[in-house]
Amino acid sequence: MSETAFDPKMLEALVCPVTQATLIYDAEKQELVSKAGKVAFPIRNGIPVMLIDEARPLD
């Protein structure tokens, strides 16, 4: 079973739930990064998981 790819066009409609800032797509890590919020949201099966509890803190 192949993994569903994230469509980068979704970035036009998504913002960080913490800061409302724009997000950056990290294809290698399959994450959406919020530099303003200093967190990264995972993408699972092509679907961004925009829950703060699921976000990875950035250093």
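Conventions and cut-offs
- Residues numbered from 1 in each chain as written.
- Predicted model: local features only at pLDDT ≥ 70, side-chain atom pairs only at ≥ 80, totals over all residues.
- Heavy atoms only, no water.
- Buried < 20%, exposed > 50% of the residue type's maximum accessible area, 1.4 Å probe, protein only.
- Helix = DSSP H or I, 4+ residues; strand = E, 2+ residues; numbered from the N terminus.
- Pairing = 2+ DSSP bridges.
- Contact = heavy atoms within 4.5 Å.

Every second residue of strand β2 (residues 31–34) is oriented toward a common face, with E31 and V33 on one face and L32 and S34 on the other, all of them buried. In this sheet, β2 lies alongside strand β1 (residues 24–26) in antiparallel orientation, the contact comprising three bridges. Each residue of the ladder has a partner; that of I24, found in β2, is V33. Taken together, β1 and the strand that follows it, β2, pair antiparallel across an intervening segment of four residues, in which Q30 is found at a positive phi of about 55°. In the sheet, β2 pairs with strand β3 (residues 39–44) via four bridges, with the strands oriented antiparallel. Within β3, the position partnered with S34 by the bridge is V39. Hairpin connection of β2 to β3: four residues between the antiparallel strands, including K38 at a positive phi of 55°.

Mapped onto the elements of the fold, P17 is located in the segment before β1. Between the C-alpha atoms of P17 and L51, which are 34 residues apart in sequence, the distance is 7.8 Å. With sequence-adjacent residues up to four places away left out, P17 is seen in contact with F41, M50 and I52.

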